Amino acid sequence: MNVHHHSYDAVIVGAGGAGLRAAIEVAGKCHTAVLTKLYPTRSHTGAAQGGMCAALANVEEDSWEWHAFDTVKGSDYLGDQPAIEIMCRDAVDAVLELEHFGLPFNRTPEGRIDQRRFGGHTRNHGEAPVRRACYAADRTGHMILQTLFQQCVARGVTFFNEFQVLDVSLTDGRVTAVVAYELATGDLHVFGCKAALFATGGFGRMFQVSSNAVTLTGDGPGVLYRRGIPLEDMEFFQFHPTGIYKLGILLSEAARGEGGILRSAGGERFMERYAPTVKDLAPRDMVSRAIITEVREGRGLGPAKDYVHLDLTHLPPEQIDEKLPDITDFVRTYMGLEPKTDLIPIQPTAHYAMGGIPTNVDGEVVIDAEGTAVPGLYAAGECACVSVHGANRLGTNSLLDIVVFGRRGGAAMGEFVNATDRSPIPKDAADDTRREIERLFATSVGENVADIRETLQVEMTNNAGVFRTDHSLRQVLSVVGDLRARYAKASIQDTGTTFNYDLTEAIELGYLLDLAEALVVGALARTESRGAHSRDDFPKRDDANWMKHTLARRSDDGRVTLDYKDVESGRYEPMERKY
Amino acid sequence: MPEVELKIKRFDPALDRAPRWQTYHVQAEDTDPVLNALHEVKYHQDGTLSFRRSCAHGVCGSDAMVINGENRLACAVLIGQVGHRMTIEPIRGLPVIKDLVVDMEPFFAQYRSVLPYLINSTDPGYAERLQSPEDRERFDDTTKCILCAACTTSCPIYWGNSSYVGPAAIVNAHRFIFDSRDEAAAERLDILNTRSGVWRCRTAFSCTEACPRDIKITEAIQEVKRAILYNRI
């Protein structure tokens with residue numbers, strides 16, 4: 001296996017919104033390589049639909065403090081308030097900057113950036129829904145991804161496309177190299193660097209019904225976890241209420257922001273019972289629980305009574321065409337239904353990891369309760385946990401997160417590398433990766449990777465999904481243990497060197513298994529219900545014991561160990577979460 | 001579940017001197033995307049089959065391929081739409097690397113050649129640049145491009161002349177030429193007013209038919225031609 005060596009100041013791993021925004025920040029300031037296992041424009045930022053919130057107050061009164069309050073409350077008080085304040089204050093700058101970069105936002109009649117309602121975003125601390133989401137039809141993420149990529153092209157950013165990062169070298173507690181597998185050749189590349197920023201996105205493909213790209217396998221958190229970096233708040237995984245039935249394809253909350261209504265058996269607008277003030281625009285965790293509760297209590301629809309309807313039929317057809325063109329096309333393509341006249345079967349779909357690589361507000365990876373940073377190691381976007389989303393992310397705040405913390409992480413990394421001397425690249429940097437690949441190549445008869453992955457996905461959706469119990473979590477933990485044993489005997493058919501996705505998917509499954517285990521162990525320990533983590537056996541939030549972040553570590557013997565760190569408080573005191 | 005036959009054009013540079021056809025049979029529903037059938041082959045019959053894909057619902061642009069002679073995204077076309085016997089080939093006009101994976105670099109080089117980013121030297125200050133809904137609408141269609149290359153690799157002119165910048169690059173030039181905030185329309189029109197530019201287009205409409213985002217590509221190309229001819233945008 002050929003090994004090539006490169007030398008850069010900084011390496012960015014991942015080319016979605018966070019990675020590209022970081023790349024823009026360091027462009028011209030230091031010698032930077034952006035590594036992506038896809039092409040930049042294939043990243044799943046492009047699938048985000050509804051909008052990006054910022055208190056521009058273009059269409060009605062608003063303030064960043066209200067945005068911060070909503071985010072804190074939406075997080076079920078697990079979000080770190082200083083970080084949330086930064087994000088909500090920077091949101092206005094971030095939107096203006098994207099506009100200056102050329103992002104084609106929808107406009108008001110006066111030519112200003114238009115804004116619309118979104119779940120959990122309210123005026124004056126919960127009075128009523130507020131129009132805060134800046135948007136471009138229902139393809140806001142596509143526009144952000146394209147715009148940031150365009151700006152990278154303008155700046156001549158160096159991309160290594162289809163280079164999949166499989167390892168990182170941490171020498172004496174510092175980043176010294178990143179190891180990547182080149183899909184086109186099968187060669188390994190060691191990128192010596194002073195700093196690396198991970199922006200690899202989520203890991204929703206550990207679930208069966210998921211809105212995530214097939215490629216969202218948690219590579220960044222997976223790589224770092226194996227190198228001793230803890231993962232924060234993994235048990236908090238968001239299930240978006242409106243996934244297309246069985247397929248999981250996302251139908252944006254913007255559908256409800258534009259006036260869409262959820263209905264269960266008999267056409268009842270059931271959200272009136274669960275969230276009397278904001279109804280269908282309650283935060284995602286609450287709406288997903290409401291849907292599952294309707295189904296459990298026999299008010300689901302269809303032959304198996306296992307879904308509910310999203311009703312857009314009362315909206316003016318021209319509003320659907322103008323504001324929701326893409327998602328209504330998805331319904332036509334994949335369901336054969338016409339959203340202007342037909343009700344749309346939906347169910348919660350695994351959507352977003354609130355947890356991930358622990359960072360501070362400058363994107364520095366921090367590894368303990370004291371906030372000790374690893375010099376040169378950064379993370380941003382969904383793979384990171386700042387934590388601005390706490391136990392439940394509000395809609396639109398992910399696009400905001402990637403732009404704000406991609407920029408901040410990039411800026412901090414740029415300063416770091418310019419103040420830091422280069423360390424030698426470890427001679428054995430690629431050895432572990434080479435051994436792992438050779439192990440997979442050497443096993444000609446063994447367990448099928450797809451079978452293991454499918455079992456994992458079904459178990460995770462059934463037993464670590466919207467509602468969890470001690471029993472269900474122990475069940476899935478036991479299955480994950482079995483699957484790990486099978487994975488150790490996994491075999492692949494393709495032993496070639498050119499676009500060997502058979503190999504990379506096997507490696508990705510390893511990350512999914514590790515991260516699923518961390519998620520389940522954290523969820524089992526957390527004997528309360530908070531945000532997206534709902535325990536049937538512990539239905540109440542328990543601030544006395546659990547107002548703290550989980551840190552999951554993999555110990556040398558392979559077991560998951562947990563410890564905790566305090567939530568950073570701020571101006572908003574915890575209170576009961578009602579909408 | 002009906003049985004579906006996939007006849008796939010394969011090429012492995014380590015084994016093959018020329019492409020070869022291989023046929024697979026899988027069980028699949030008519031409502032399944034073609035991508036699911038490809039995954040079924042790869043996961044349970046032949047792990048050596050290579051194809052790109054990511055989002056699996058038609059927005060990332062990874063899995064453009066020729067399905068029964070037409071450029072489609074495998075994740076956005078259903079088996080019921082293409083029938084139970086299908087042939088699948090790599091998109092044409094770009095070098096095949098392995099199986100359905102082609103070299104995208106020539107395509108992205110052409111994209112980069114048209115200055116595909118907003119150029120505006122005036123300082124907007126701490127406020128958004130204003131743009132009326134009508135001005136925003138003017139280039140809406142071409143903002144939808146996902147760079148899947150289905151259009152460019154369906155163009156018979158492009159097959160015969162790979163120096164032609166191709167429909168996708170023109171679409172992305174159009175997106176800025178007709179954006180009221182941009183100041184570099186003249187530069188882009190100069191780039192496209194060359195031998196490898198818009199005049200290669202013979203309005204075959206293949207690109208428009210191929211576009212999975214339903215962008216009216218031929219019309220956009222005609223608008224760029226008119227802008228060059230009449231010096232007006």
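Structure's up top.
Scope of this entry: the structure provided in the associated data block.

Below, the discussion takes up the overall build of chain A. Of regular secondary structure, chain A possesses 16 helices and 26 strands. Across chain A, contacts joining residues at least 24 apart in sequence account for 76% of those joining residues at least 6 apart.

On to the environment of Asp280 of chain A. Residues and elements named next belong to chain A. Looking at where Asp280 falls in the secondary structure, it is placed in the loop between α7 (271–274) and α8 (284–296). On the neighbour-count criterion, Asp280 (27 C-beta atoms within 10 Å) is buried. Separated by 110 residues in the primary sequence, Asp280 and Leu170 have C-alpha atoms spaced 47 Å apart.

The next subject is helix α6 (residues 167–177) of chain B. Residue and element names in this part refer to chain B. Extensive coverage of α6 is indicated by the burial of 11 of its 11 residues. Among the residues making up α6, those that are buried are Pro167, Ala168, Ala169, Ile170, Val171, Asn172, Ala173, His174, Arg175, Phe176 and Ile177. Buried positions along α6 lie against α3 (105–112), α7 (185–192), α8 (206–210) and α9 (217–230).

Moving on, we get to the sheet that holds strand β15 (residues 308–311) of chain A. Residue and element names in this part refer to chain A. Read across the sheet, 4 strands follow the order β13-β16-β15-β14 without closing on themselves; strand pairing throughout is antiparallel. Lying at the two open borders of the sheet, with one neighbouring strand each, are β13 (237–244) and β14 (261–263). Neighbour-to-neighbour, the strand axes of the sheet open up by a mean angle of 45°, direction not taken into account. Where β15 lies against strand β16 (residues 344–353), 3 bridges are found, and the strand directions are antiparallel. Across the sheet, Val308 pairs through a bridge with Ile346, a residue of β16. Each of β13, β15 and β16 touches α8; the most contacted strand, β13, lies at about 60° to it.

If you look at the interface, chain B gives 41 residues, while chain A gives 42 residues. Only α1 (34–44), β6 (96–98) and α4 (133–138) of chain B provide two or more residues apiece to the side of chain B that touches chain A. Counted by class, the side of chain B that touches chain A contains 21 nonpolar, 11 polar and 9 charged residues.

Take the packing of helix α2 (residues 64–74) of chain A against helix α3 (residues 81–100) of chain A next. Residue and element names in this part refer to chain A. Two elements in contact, α2 and α3, have axes whose closest approach is 9 Å; the angle formed by their N-to-C orientations is 135°. Between α2 and α3, the interaxial angle falls into the category oblique. Handedness of the crossing formed by α2 with α3: right-handed. Packed against α2, whose contacting residues are Trp64, His67, Ala68, Thr71 and Val72, the element α3 presents Gln81, Ile84, Glu85, Cys88, Arg89, Ala91 and Val92 at the interface. Broken down by class, the residue content of the contact of α2 with α3 amounts to 7 nonpolar, 3 polar and 2 charged.

Moving on: the pairing of β15 of chain A. Alignment of β14 of chain A against β15 of chain A, held across 3 bridges, turns out to be antiparallel. Residue pairing across strands places Ile261 of chain A opposite Asp311 of chain A, the latter belonging to β15 of chain A.

Residue and element names in this part refer to chain A. Within the largest apolar cluster, 272 residues are counted, with the highest numbers of intra-cluster contacts made by Val11, Ala91, Val178, Ala196, Leu197 and Val520. Here this core takes 16 residues from helix α15 (residues 501–525), the largest share from any one element. Setting aside its immediate chain neighbours within four residues, Ala91 contacts Cys53, Ala54, Ala55, Trp64, His67, Leu400 and Val404.

All names here are of chain A. The interhelical angle for the contact between helix α14 (residues 470–487) and α15, taken along N-to-C directions, is 155°, at an axis separation of 10 Å. Judged by the angle between their axes, α14 and α15 are roughly antiparallel. Handedness of the crossing formed by α14 with α15: left-handed. Between α14, through Asp470, Leu473, Arg474, Val476, Leu477, Val480, Leu483, Arg484 and Tyr487, and α15, the contact on the second element is made entirely by Leu509, Gly510, Leu513, Ala516, Glu517, Val520, Val521, Ala523 and Leu524. Looking at side-chain class alone, the contact of α14 with α15 contains 13 nonpolar, 1 polar and 4 charged residues.

Here is what the cut-offs are and how they apply
- Residues numbered from 1 in each chain as written.
- Chains lettered and ligands numbered in written order.
- Predicted model: local features only at pLDDT ≥ 70, side-chain atom pairs only at ≥ 80, totals over all residues.
- Helix = DSSP H or I, 4+ residues; strand = E, 2+ residues; numbered from the N terminus.
- Contact = placed C-beta atoms within 7 Å.
- Buried ≥ 20, exposed ≤ 12 C-beta atoms within 10 Å, placed from the backbone.
- Pairing = 2+ DSSP bridges.
- Axes fitted to C-alpha atoms, helices over the stretch in contact; angles between N-to-C directions.
- Nonpolar A, V, L, I, M, F, W, Y, C, P; charged D, E, K, R; others polar.
- Parallel < 35°, antiparallel > 145°, perpendicular 65-115°, else oblique.
- Left-handed = near helix turned anticlockwise from the far one by under 90°.
- Core = buried A, V, L, I, M, F, W, Y, C linked by C-beta atoms within 7 Å.

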